[in-house]
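Fold and geometry: a report
Listed below are the residues making up each chain.
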Amino acid sequence: MQKHYYIKTYGCQMNVHESEKLAGMLKSLNYEETTNMADADVIVFNTCCIRDAAEQKVLGNIGAVKKLKKQNPNLIVAVCGCMAQEDGRKELFKEKYPHVSIVFGTHNLHMFKDYLIKFNATKQKIYDVWESEKEINEDVDMYRTSNNNAWVNIMYGCNNFCTYCIVPYVRGRERSRAMNDIVSEVKSLISEGYKYITLLGQNVNSYGNDFKDGTNFAKLLKTLANLDGDFRIKFMTSHPKDLTDEVINTIATEPKLSKVIHLPVQSGSNRILKLMNRNYTVEHYKTLIKKIKEQVPNYFISTDIIVGFPHETEEDFMATYNLVNEVKYGGVFGFMYSPRTGTIAEKMDEQVPQEIKNERVNRLLALSKQIIKEQNQQLIGKTMECLVESKTDDGYLATLDNGKNVIITSNKNLTLPTFKNVKINSINRNKLVAEFCD
Ligand code: 5AD
Ligand code: SF4
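Just so we're clear, the structure is a prediction, and the values are computed from it rather than from any experiment. (Residues numbered from 1 in each chain as written. Chains lettered and ligands numbered in written order. Predicted model: local features only at pLDDT ≥ 70, side-chain atom pairs only at ≥ 80, totals over all residues. Heavy atoms only, no water.)

This brings us to the sheet that holds strand β10 (residues 196-200). A sheet is described by the order of its strands in space; here three strands give the open sequence β7-β10-β11, paired in parallel fashion. The open sheet terminates on both sides in strands that have one partner only, identified here as β7 (149-153) and β11 (232-236). Each strand of the sheet is rotated relative to its neighbour by a mean of 25°, with strand direction disregarded. As paired strands, β7 and β10 are joined by five bridges and run parallel to one another. Within β10, the residue paired with asparagine 149 across the bridge is tyrosine 196. Across the face of the sheet, helix α8 (residues 179-191) comes into contact with β7, β10 and β11 while running at roughly 170° to β7. (Pairing = 2+ DSSP bridges. Helix = DSSP H or I, 4+ residues; strand = E, 2+ residues; numbered from the N terminus. Axes fitted to C-alpha atoms, helices over the stretch in contact; angles between N-to-C directions. Contact = heavy atoms within 4.5 Å.)

To continue, consider the pattern of salt bridges. Tallied over the entire structure, the rule returns 24 salt bridges. In this structure, glutamate 312 engages arginine 360 in a salt bridge whose closest nitrogen and oxygen atoms are separated by 2.9 Å. Placement of the pair is glutamate 312 in the loop between β13 (300-307) and α13 (314-327) and arginine 360 in helix α14 (residues 354-379), with a sequence separation of 48 residues. Side by side, glutamate 312 and arginine 360 carry an identical accessibility label, which is buried. It is possible to trace a salt-bridge network through shared partners that takes in Asp52, Glu55, Glu86, Arg89 and Arg340. (Salt bridge = Lys/Arg side-chain N within 4 Å of Asp/Glu carboxyl O. Buried < 20%, exposed > 50% of the residue type's maximum accessible area, 1.4 Å probe, protein only.)

The immediate surroundings of ligand 1 are formed by Ile50, Arg51, Tyr164, Gln266, Asp304, Ile306, Phe335, Met336, Tyr337, Ser338 and Arg340. A distance of 3.1 Å is found between an oxygen atom of ligand 1 and a side-chain nitrogen or oxygen belonging to arginine 51. A distance of 2.6 Å separates an oxygen atom of ligand 1 from a polar atom in the side chain of aspartate 304. Relative to its unbound accessible area of 400 Å², ligand 1 is 86% covered by the protein chains. Elements with a contribution of two residues or more to the shell around ligand 1: β13 and β14 (331-336). Class assignment of the residues belonging to the shell around ligand 1 gives a composition of six nonpolar, two polar and three charged. (Near = heavy atom within 4 Å. Polar contact = N/O pair within 3.5 Å; in protein donor to acceptor, adjacent residues only side chain to side chain. Areas by Shrake-Rupley, 256 points an atom, 1.4 Å probe, with all protein chains shown as cover. Nonpolar A, V, L, I, M, F, W, Y, C, P; charged D, E, K, R; others polar.)

To continue, consider the pairing of β14. Both β13 and β14 contribute to a ladder of six bridges, which runs parallel. By the bridge assignment for β14, isoleucine 305 is matched with glycine 334.

Per the domain assignment, the segments of the chain are domain 1 (3-128), domain 2 (149-379) and domain 3 (383-436). Computed from C-alpha coordinates alone, the two centres of domain 1 and domain 2 are separated by 29 Å. With 18 residues of domain 1 in contact, the opposing surface of domain 2 contributes 18 residues. Summed over both partners, the interface of domain 1 with domain 2 buries about 1600 Å², with 57% contributed by carbon and sulfur atoms. As a salt-bridge pair, glutamate 55 and arginine 340 come within 3.1 Å of each other at their nearest N and O atoms. For the pair domain 1 and domain 2, the interface holds nine residue pairs in polar contact (both at pLDDT 80 or more). Those elements that provide at least two residues to the side of domain 1 that touches domain 2 are α1 (13-28), α2 (52-64) and α4 (82-85). Sorting elements by how many residues they give to the side of domain 1 that touches domain 2 places α1 first, with eight residues. Here the side of domain 1 that touches domain 2 is composed, by residue class, of five nonpolar, six polar and seven charged. (Domains from an automatic or database assignment. Buried area = accessible area lost by both parts, 1.4 Å probe.)

As a general point, the strands of a sheet are linked pairwise by backbone hydrogen bonds and lie either parallel or antiparallel. Strand order around the closed barrel formed by five strands is β15-β16-β17-β19-β18, with mixed pairing between neighbours. Here the strands of the sheet are splayed against their neighbours by 50° on average, with no regard to which way each runs. Sheet topology places strand β15 (residues 383-392) next to strand β18 (residues 418-428); six bridges connect them, and they run antiparallel. Looking across to β18, one finds that leucine 387 is bridged to phenylalanine 419.

Okay, the site of ligand 2 next. Cys158, Asn160, Phe161, Cys162, Tyr164, Cys165, Val167, Pro168, Gln202, His239 and Arg278 make up every residue found near ligand 2. Its residues placed into classes, the shell around ligand 2 shows seven nonpolar, three polar and one charged.

Enumeration over the complete set of coordinates arrives at zero disulfides. Left without a disulfide partner, cysteine 386 is nearest to the cysteine sulfur of cysteine 437, which lies 8.9 Å away. Judged by its relative accessible area of 1%, cysteine 386 is buried. (Disulfide = S-S within 2.5 Å.)

This part covers the packing of aromatic side chains. Per the counting criterion, the structure on display carries 12 aromatic pairs. Centre to centre, the rings of tyrosine 207 and phenylalanine 211 are 6.2 Å apart; their planes meet at 90°, and the pair counts as edge-to-face. Exposure remark for phenylalanine 211: the relative accessible area of 31% places this residue in the partly exposed category. By the ring-pair criterion, three or more aromatic residues cluster together here, those being Phe104, Phe112 and Tyr115. In this structure, lysine 134 is placed above the aromatic ring of tryptophan 130, and the distance from its NZ or CZ to the ring centre is 4.0 Å. (Phe/Tyr/Trp six-rings, centres within 6.5 Å; stacked < 30°, edge-to-face > 60°. Lys NZ or Arg CZ within 6 Å of the ring centre and 35° of its normal.)

Here's what the structure looks like:
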């Protein structure tokens, strides 16, 4: 009988892509995907631990499948990803979640297939979390699920140790993939018809630093942008301390590079940036923004911000608020600071009360919403490139490279997906309404 799998993914794009690798391994063992958890023979929780809320959600969801395991004792429940990699979690799953059969971490994701084969043969539970990273494993099956966009890892891990962040502890040190491997993966994705290729790394701007042979992110971008084919290259995430003039210039001048720059500032106060160990000042950040705005046509800048970091005063917060108002971001991901076990910030005194964090994040997001509304209005009359993705009764649905949806009324005949220039005419319930330019 056909066996089925269900993967529940938490957290960022990195995890979304890693779930594509988990799915690839399951497919290679002849499992098929099901969208109904209750029908699954294998349920995988690919977890995130960046904030406490994410962890509580994961634990709640894993707890809830206990009843499915009761109904179907052959069900295999597996837990992997960042949370499984945290100190003490393996033991927690062993002791408190006996319905979980396989636990593995971020460094041994590629072993999942072996674990599954072994478990099916022996029915012995497996708890295997590697302490640290090993060589990059290029030999992974992949089942891509993201339509016209394909994710490509360019590096793993992070060396920055921002004082609030657990990522360096659960994903290890920075390791770049060889440029040849990236280029050949991207080439084959282009030939398969993917229109967007999104390069993934915790800090893409430090790509190649570990090779010490002059390889860097700008070179990688130039190489990829000069491949043949009809595609665009996106990338995330950029760290302000490592974003070079050469990268900005490359983004500005290469037509196949996306103009979306996600540049997390985290705080607009130099005092807080220092406590966060971010290694740049607000002045430096503003210089980068100025260069991007001056050089990159149709730029779209977004950011991450943490409010309520220890010691953050109303004055510090207002510096962040004013920075958001000045930069006029196209998107703000605002987070309330969440203490993470083992990080430096967790031990700082003067933690900010929850009500204040709530109030600050709401104030910030209200401002951002207002800015985005104004920016959408300013798009009216502009010509923009979009990816036309699907047909409707009276036209097409498309997206800008920043993800905004576009509705186009047209009786043109198009082979989809395809890039087209459109003129934005109006806005209808947050969707841009446009017409083809040619
Ligand atoms: N608390 C709140 N937000 C955090 N982030 C990272 N660690 C924490 C934390 N402990 C945010 C940062 C980062 C984004 C991915 O998540 O803004 O850029
Ligand atoms: Fe975390 Fe900072 Fe690394 Fe980003 S750069 S993953 S915030 S430590």
